[in-house]
2 protein chains.
Amino acid sequence: MKARRYTYKVVLRWQEAKKGMLSASANKPNIEIATPPEFHGHADIWNPEELFVASVNSCIMTTFLHYAERDSLELLGYTSEAEGILEYREGEFIFSEITVRPKILVKRDSDIKKAEEVILRSEKNCLISNSIKSRVIVLPEIEASAHNSS
Amino acid sequence: MKARRYTYKVVLRWQEAKKGMLSASANKPNIEIATPPEFHGHADIWNPEELFVASVNSCIMTTFLHYAERDSLELLGYTSEAEGILEYREGEFIFSEITVRPKILVKRDSDIKKAEEVILRSEKNCLISNSIKSRVIVLPEIEASAHNSS
C-alpha cells in the first residue's frame, strides 16, 4: 500500500514593525498577521495564536463534514466558537487547552443521534488535534429544525 | 506574582459544501477556509492544514521580532517558507514534521552572529512549537546587506 503523505507550504514575509504577510499556493488570498497587542504588537490583525485556534476549530469542522457526507447526514447549519487558553507554565508559554463549541443544526429530531456520533468521531479523528499537546474539548450543541422523526 | 494567561477566540461558520468562514474579534477581516482538494474539498481556499503550518511559521517570526527588538538587532528583511508533512501513521493522520526556512537580512556582517542567536532563541521559545507534537526544524539563512563590520 502506498504511504499516504501530504505536504502543506506557507510563505511569510515580514513587512514592518510586528507585521507580516502570509501567502499560500496559487490563487489563495494573502493573510496579514501580527504579534497580538498583549505582546506589544497590533490590534485588528490576525495573530499566530488565533491562527492556531482557527486551525483546530476548522479541522474539526472539515472532519465533521467528511463523516457527515459519508453517513448521509443532512446538515442545515454548523457554527463553532473556539477558545484557546495560553498559559505560562514552568518557564514557557503553552496552549494548555482549546474548547470548541459547535452548534449543529440538522433537519429532523431523528438526525440528532447521528450528528452526535459524527461529531464524536470528528473529535477523535481531527488530524490537527492529533498533532498538538493542548487538551481539545469539544462541547457540541445539536438541534433539529423540524420537531418530527420522519 | 499574577499568573500570565491569555485567551484567543475564533468563530467558524459553515457556508456550503466543504467551506467555512472564520472570524475573530472586532475589525479583523474574515478568512475563508475549506477542506483541501486531496480530501475531496476545494482548491484556491486556505485549508486547516495550511493554517496550522502558518501559525507555526508566523509564531517563529513574531518571537524573532520580539528578541530582535530586545537585542537591538537592526532587521532589513525576513522571509520564511514553511512546509508541514502530514503522514498516516498507526491508523491516524498526524503532522510529523514542520520545516521552517527563514531568510534573514541584516545590515552588517557583524550582526550575523547576533541574528543567529536570536533565531535559535526564537526556535526554542515559540509558544506554538511548545504546544505541538510535530518536530519543528528551523533552518535559517542569514545575510548582511553591506559587507563591513562597522
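Rules and cut-offs
Residues numbered from 1 in each chain as written. Chains lettered and ligands numbered in written order. Predicted model: local features only at pLDDT ≥ 70, side-chain atom pairs only at ≥ 80, totals over all residues. Heavy atoms only, no water. Least-squares fit on C-alpha atoms with pLDDT ≥ 70 in both. Contact = heavy atoms within 4.5 Å. Buried area = accessible area lost by both parts, 1.4 Å probe. Salt bridge = Lys/Arg side-chain N within 4 Å of Asp/Glu carboxyl O. Polar contact = N/O pair within 3.5 Å; in protein donor to acceptor, adjacent residues only side chain to side chain. Helix = DSSP H or I, 4+ residues; strand = E, 2+ residues; numbered from the N terminus. Buried < 20%, exposed > 50% of the residue type's maximum accessible area, 1.4 Å probe, protein only. Phe/Tyr/Trp six-rings, centres within 6.5 Å; stacked < 30°, edge-to-face > 60°. Lys NZ or Arg CZ within 6 Å of the ring centre and 35° of its normal. Axes fitted to C-alpha atoms, helices over the stretch in contact; angles between N-to-C directions. Parallel < 35°, antiparallel > 145°, perpendicular 65-115°, else oblique. Left-handed = near helix turned anticlockwise from the far one by under 90°. Nonpolar A, V, L, I, M, F, W, Y, C, P; charged D, E, K, R; others polar. Domains from an automatic or database assignment.

S.K.: Help me understand the relation of the copies chain A and chain B, please; the structure alone is not making it clear to me.
M.R.: Copy one and copy two of the chain differ by a rotation about an axis and a translation along that axis. Mapping chain A onto chain B leaves a residual RMSD of 0.0 Å; the transformation is a rotation of 180° accompanied by 0.0 Å of translation along its axis. What the rotation and shift describe, once combined, is the action of a two-fold rotation axis. It is Ile 132 of chain A whose C-alpha, among those of chain A, lies nearest the rotation axis, at 1.9 Å. Interface residue correspondence from chain A to chain B reaches 100%, placing this contact among same-surface, isologous pairings.

S.K.: Looking at this model, I keep getting lost on the interface of chain A and chain B. Mind explaining?
M.R.: Many authors give the size of an interface as the accessible area that is lost as the parts come together. With 74 residues of chain A in contact, the opposing surface of chain B contributes 75 residues. Of all residues in chain A, Tyr 8, Trp 14 and Trp 46 of chain A bury the most surface against chain B, accounting for 12% of the area lost on that side. At the junction of chain A and chain B, the tally comes to eight salt bridges. Here Glu 83 of chain B makes a salt bridge to Lys 9 of chain A, at a shortest N to O gap of 3.7 Å. If you look at where chain A meets chain B, you find 34 residue pairs in polar contact (both at pLDDT 80 or more).

S.K.: Please clarify how unusual backbone geometry should be interpreted in this entry.
M.R.: Phi is mostly negative for residues that are not glycine, and the peptide bonds are mostly trans. Residue and element names in this part refer to chain A. Despite not being glycine, Ala 17 shows a phi value in the positive range, around 45°. When you line up the elements, Ala 17 lands in the loop between strand 1 (5–14) and strand 2 (19–23). Here the phi dihedral of Ser 72 falls at roughly 50°; this positive angle occurs in a residue that is not glycine. Inspection of the secondary structure puts Ser 72 in the loop between helix 1 (48–70) and strand 4 (75–89). Taking the relative accessible area as the measure of exposure, Ser 72 reaches 60% and is therefore exposed.

S.K.: Mind showing me how you'd approach the packing of aromatic side chains here?
M.R.: Given two aromatic rings, their pairing is described by the distance between the two centres and the angle made by the two planes. The full count for this structure, using the stated rule, is 15 aromatic pairs over all chains. Ring geometry for Phe 52 of chain B and Phe 95 of chain B: centres 4.9 Å apart, planes at 40°, overall tilted. Remark: Phe 95 of chain B occurs in strand 5 (residues 92–108) and Phe 52 of chain B occurs in helix 1 (residues 48–70); sequence separation between them is 43 residues. An identical accessibility class is assigned to Phe 52 of chain B and Phe 95 of chain B; each is buried. The aromatic ring of Tyr 88 of chain B is capped on one face by Arg 4 of chain A, whose charged end is 5.6 Å from the ring centroid. Directly above the ring of Tyr 67 of chain B sits Arg 121 of chain B, whose terminal nitrogen or CZ lies 5.0 Å from the centroid.

S.K.: Would you mind going over the packing of helix 1 of chain B against helix 2 (residues 112–125) of chain B with me for this structure?
M.R.: Relative orientation and spacing of two packed helices are given, respectively, by the angle between their axes and the distance between those axes. Residues and elements named next belong to chain B. The geometry of helix 1 relative to helix 2 is characterised by a closest axis approach of 8 Å and an angle of 135° between their N-to-C directions. Taken together, helix 1 and helix 2 sit at an angle that is classed as oblique. Helix 2 is crossed by helix 1, and the crossing has right-handed handedness. Facing helix 1, whose interface residues are Ile 60, Thr 63, Phe 64, Tyr 67, Ala 68 and Arg 70, helix 2 presents Ala 115, Val 118, Ile 119, Arg 121, Ser 122 and Asn 125. Of the residues contributing to the contact of helix 1 with helix 2, the split by class is seven nonpolar, three polar and two charged.

S.K.: Even after reading the chapter, I still don't get the domain arrangement of chain A, so can you show me in this structure?
M.R.: All names here are of chain A. By the assigned domains, chain A splits into domain 1 (1–46) and domain 2 (48–144). Centre-to-centre, using C-alpha coordinates, domain 1 lies 22 Å away from domain 2. Tallying the contact residues gives seven residues for domain 1 and seven residues for domain 2. Buried surface at the junction of domain 1 and domain 2, summed over both partners, amounts to about 540 Å²; 81% is from carbon and sulfur atoms. For the pair domain 1 and domain 2, the number of links is zero residue pairs in polar contact (both at pLDDT 80 or more).

S.K.: Explain the packing of helix 1 of chain A against helix 1 of chain B to me, please; I cannot follow it from the model alone.
M.R.: Relative orientation of the contacting elements helix 1 of chain A and helix 1 of chain B amounts to 165°, with a least axis distance of 8 Å. One element, helix 1 of chain A, and the other, helix 1 of chain B, form an angle in the roughly antiparallel class. Note that helix 1 of chain A runs across helix 1 of chain B; the crossing there is left-handed. Where helix 1 of chain A abuts helix 1 of chain B, its residues Pro 48, Leu 51, Phe 52, Ala 54, Ser 55, Ser 58, Cys 59 and Thr 62 of chain A lie against Pro 48, Leu 51, Phe 52, Ala 54, Ser 55, Ser 58, Cys 59 and Thr 62 of chain B. Per-class residue counts for the contact of helix 1 of chain A with helix 1 of chain B are ten nonpolar, six polar and no charged.

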